[in-house]
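Here's the letter readout for the chains.
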Amino acid sequence: MQDNATEVTAAGIARLAGVGRAAVSNWRRRHADFPKPVGGTETSPSFALAEVEGWLRTHSKLAEVPLRERVWQQVVGHPEGPVTALTHAGCALLLINDRPTLWLEVSAGSDERLAAMLPEALDQVLTPRFGTVRPGRRSRGGRPDAAPRAGTPTGTSAAVNPPADDRATSTVHTEPAVNTPALQNLTGPAALASAPLLRGTAELAAELGARQAFEFLLGRHLDANPRQYTLTPADLADLMADLAGPARTVLDPACGTGALLRAGAPDGPAPRPGQDGLRLHAQDGAPDLAALTALRLALHTRAPVRAAAGDTLRADAFPDLRADAVLCHPPFNERNWGHDELAYDARWEYGFPARTESELAWVQHALARLRDDGTAVLLMPPAAASRRSGRRIRADLLRRGALRAVIALPAGAAPPYSIPLHLWVLRRPGKAPAQPEVLLADAGQFTGEGRGGPDWRAVREAVLGAWRDFDRAGHLDERPGLARSLPVVELLDDDVDLAPARHLPPPAADGPGRLTDVRERLGETLRLTVDLTPAAADSAQTAPRWPLTTVGELARGGALLLRSGGNGGRARVPVLTDHDVLAGTTPSGTLPESDEEPVLTEPGDVVVPVLGGGSVARVIDDATAGAALGRNLALLRPDPAALDPWFLAGFLRGTANNRQASSYASTATRLDVRRLQLPRLPLDAQHRYGDRFRALDEFERALRLAGRLGEQLVRGMYDGLTDGSVAPD
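Model, not experiment: these values are computed from the prediction.

Enquirer: I'd love a proper account of the overall build of the chain, names of residues and values included.
Expert: Within the chain one finds 24 helices and 22 strands. Across the 729 residues of the chain, 50% fall into the buried class. In the chain, once contacts between residues fewer than 6 apart in sequence are set aside, the share between residues at least 24 apart is 75%. For the chain, the exposed area adds up to about 33,800 Å²; of that, 51% sits on carbon and sulfur atoms.

So, in structure tokens, the structure goes:
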């Protein structure tokens, strides 16, 4: 009965049944018994999920709704919204993870019994994992330092009754527990409404594991709402955690969905070296994000988690914390960060930030929450290194040895992807004298092609190598175009400009000899393009009328295997993305770990992007084989005895073929691979076509290489003429 509370849109029905939205519209018109809308609007109605499932089964539209899709539709259609549903699901998963027998006891019987027993069961798990709160000092904004305890009804105190001697003073402060309004409401009717979701989540946990079930649901939510969240990519989070080094107490004061703390915490119960007694602290202005972060971290590690909701700069939840490390991806370019209210705040040791310098407020907050000689790593916009309004604070950070390194990342490392962001590595001054030099590094040379992102392996090796050598010796010899350490006094001019590119010598310019080599390679490639150019077609030749078949028919007949990508598995292998296929580059992507096995490519596979409307198909060679298949890609594995892979790939690229197999939404084009057509030809005829398609592929790759060599030659000539290494004559 309660499952009817979960609603699903026409798009959700299409995903459940594996069809397009047009098919759902046809069902509504043709079948009088199709479920009636229970919500939504006239143009975008919603339907009861239970009724939709029953109708689909009755009409044999699917044998069974996939478990993942069913749980996801329960999340999307939850009466209180998907974020509340995710939080409720996370609570159940944490109960399953920590106390599986207790969950079995609570979930046995009716939904009403589950809703009645759930609050007490959750309290037995949430309190040990997230802590309790005693009355404490109030912050400057008049808000309590401590957040409400999980499970406490909204509007009541989160404090656990302390001993009488503690209640007699206002100076007692313990670390705040997670502030989770969604958890506070997981009682009574709310728990009853979520009961089907909780049971479905438990089934998903049995299939994937509790942690991976939560990562799957959270990942789907983030993918479905890309504009609502500013995410920190996993590779960048790992780099920031490695720069900070081993730490027992880690804080993220702008935690978002917890990517940085997840990178700084070990997997499972075993700590990393130097991380015995690890404690994680998180705060975010959005209570829902604080709750999701707390649950995500609790499922990821056995370390105690202390998370709080609130404006970090105005109402710091951890005023007494002295962490070993602070990792932070703060909001950029905020004007309303508390400039007027916080003029006399004790955190501004290095100067009061201007209204336009919110990032320097976050820098000083991070330093204030560090122990002596603790390390903070912050992701910063490049303007923070050079704006005149922040020069006095930057100068004091340098003089006192608090700012240890400024590292320019390649464009595409994190949103906004068009800007090369910076990492600032800071260290709270302790008893040791201030270091006279600061490290400046620029990893811009590792920018990747297209939207595949930078070469993270090269970035890590270069950045961590330079930082560790500098941190150990206090000095780094010049690494042309990459890194060098500069005396602080050289940077203390009128601008105090810390942009690495302005202080690093450029890489050795391509001399005349190098440019000659590039020119010769370009000439060879252009001659190759002439050899590969296909001969003109005979205009009198008429198009043959072949009998046609479709990819779907070939898959049903066993002539090929059709698979979809998107699962990371547990194998650390490169991931072939749709952008790699479009650009003809090597695998460059990543996927989140899951218990589901990834689809690994093999030589002779044909890979087709399903989004974007382009006519592209790539035959996997030995160099690309073994990569995991990324999202929005379809893999076709032909039987060599029935299909030539180049013949298959060539006909799949036909413009008319792609047009008839594509469907159109408001913002994207989606290719239905099963509807792609190709002629029924004997294998020897397929081989003849395949040889010609292979030659066309070589021609296309030669054109790409010629374009890159041409750009390299032009850039080198400009550089050579401007730096004097190439004479104008």
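From this point, things continue past the structure.
Enquirer: Requested: an account of the sheet that holds strand β7 (residues 323-328), with residues and values cited.
Expert: Whether parallel or antiparallel, the strands of a sheet pair through hydrogen bonds between backbone atoms. An order of β6-β5-β4-β7-β8-β10-β9-β11-β12 is seen for the nine strands of this open sheet, with the pairing classed as mixed. One side of each edge strand has no neighbouring strand; the edge strands of this open sheet are β6 (305-309) and β12 (483-487). Each strand of the sheet is rotated relative to its neighbour by a mean of 15 degrees, with strand direction disregarded. Relative to strand β11 (residues 437-442), strand β9 (residues 403-408) is paired through four bridges, and the arrangement is parallel. If you follow A408 over to β11, its bridge partner there is D442. Contacts from helix α17 (residues 456-473) reach β9, β10 (422-427), β11 and β12 within the one sheet, and its direction differs from that of β11 by about 170 degrees.

Enquirer: Hey, could you go over helix α3 (residues 49-58) for me, with residue numbers and the actual values?
Expert: Turning to α3, its buried residues are L49, V52, E53, W55 and L56. Taken end-on, α3 shows its buried residues confined to a sector of 165 degrees, consistent with a single buried face. In the segment just after α3, S60 is the residue with positive phi, at about 55 degrees.

Enquirer: Requested: an account of the pattern of salt bridges, with residues and values cited.
Expert: Taken as a whole and assessed by the stated rule, the structure comprises 34 salt bridges. Here D697 makes a salt bridge to R701, at a shortest N to O gap of 3.0 Å. With a gap of four residues between them, D697 and R701 both fall in helix α24 (residues 683-723), about one helical turn apart. R701 gets classed as partly exposed once you look at its relative accessible area, which sits at 45%. Salt bridges sharing partners connect three or more residues here, namely E349, D372, D396, R400 and R428.

Enquirer: Provide a residue-level description of the sheet that holds strand β16 (residues 606-609), including the pertinent values.
Expert: On the basis of which strands lie adjacent, the open sheet formed by four strands has the order β14-β19-β16-β17 and antiparallel pairing. Each edge of the open sheet carries a strand with a single partner, namely β14 (560-564) and β17 (618-619). Sheet topology places β16 next to strand β19 (residues 633-638); four bridges connect them, and they run antiparallel. Across the sheet, the residue bridging to P609 is L633, located in β19.

Enquirer: Would you mind going over the nonpolar core in detail, with residue names and values included?
Expert: Of all hydrophobic cores here, the largest spans 98 residues; its most connected members are L118, L217, L239, L243 and L423. Per-element accounting of this core gives the leading share, 10 residues, to helix α5 (residues 82-98). If we ignore the near neighbours within four places in the chain, the residues touching L243 are T375, V377, I407, L423, V425, V463, L464 and W467. One finds A384, L397, L398 and W424 within the second-largest nonpolar core, a separate group that totals 42 residues.

Enquirer: Explain unusual backbone geometry residue by residue, including any values.
Expert: For the bond running from P415 to P416, omega is -5 degrees, close enough to zero to count as cis. Structurally, P416 is set in the loop between β9 and β10. Backbone geometry places D373, a non-glycine residue, at a positive phi of 70 degrees. Tracing the chain through its elements places D373 in strand β8 (residues 370-380). Take D373: its relative accessible area is 39%, and that puts it in the partly exposed class. Even without being a glycine, V496 presents a positive backbone phi close to 45 degrees. Within the secondary structure layout, V496 lies in the loop between α18 (488-491) and α19 (512-532). When its relative accessible area of 3% is taken as the criterion, V496 is described as buried.

Enquirer: If you had to explain the packing of α5 against helix α6 (residues 100-107) to someone new, which residues and values would you point to?
Expert: One can describe the packing of α5 onto α6 by two numbers: an axis separation of 5 Å at closest approach and a directional angle of 125 degrees. Looking at the two axes, α5 sits oblique to α6. Listed contacts from α6 to A92, L95, I96, N97 and D98 of α5 are P100, L102 and W103. Here the residues of the contact of α5 with α6 are counted per class, giving six nonpolar, one polar and one charged.

Enquirer: Which residues make up helix α7 (residues 111-130), and what values do they have?
Expert: The terminal C-alpha atoms of α7 lie 27 Å apart, and with 20 residues this matches the ideal 28 Å at 1.5 Å per residue to within 8%. Helix geometry: α7 is bent most strongly at L118, by close to 40 degrees, with proline P119 lying one to four residues after it. Of all the residues in α7, the buried ones are D111, L114, A115, L118, A121, L122, V125, L126, R129 and F130. Backbone geometry just downstream of α7 places G131 in the positive-phi region, at approximately 90 degrees.

The rules behind these values
Residues numbered from 1 in each chain as written. Predicted model: local features only at pLDDT ≥ 70, side-chain atom pairs only at ≥ 80, totals over all residues. Heavy atoms only, no water. Helix = DSSP H or I, 4+ residues; strand = E, 2+ residues; numbered from the N terminus. Buried < 20%, exposed > 50% of the residue type's maximum accessible area, 1.4 Å probe, protein only. Contact = heavy atoms within 4.5 Å. Areas by Shrake-Rupley, 256 points an atom, 1.4 Å probe, with all protein chains shown as cover. Pairing = 2+ DSSP bridges. Axes fitted to C-alpha atoms, helices over the stretch in contact; angles between N-to-C directions. Arc of directions from axis to C-beta. Salt bridge = Lys/Arg side-chain N within 4 Å of Asp/Glu carboxyl O. Core = buried A, V, L, I, M, F, W, Y, C linked by side-chain atoms within 4.5 Å. Parallel < 35°, antiparallel > 145°, perpendicular 65-115°, else oblique. Nonpolar A, V, L, I, M, F, W, Y, C, P; charged D, E, K, R; others polar. Expected span 1.5 Å × (residues − 1). Bend = angle between axes of the 7 residues up to and from the residue.

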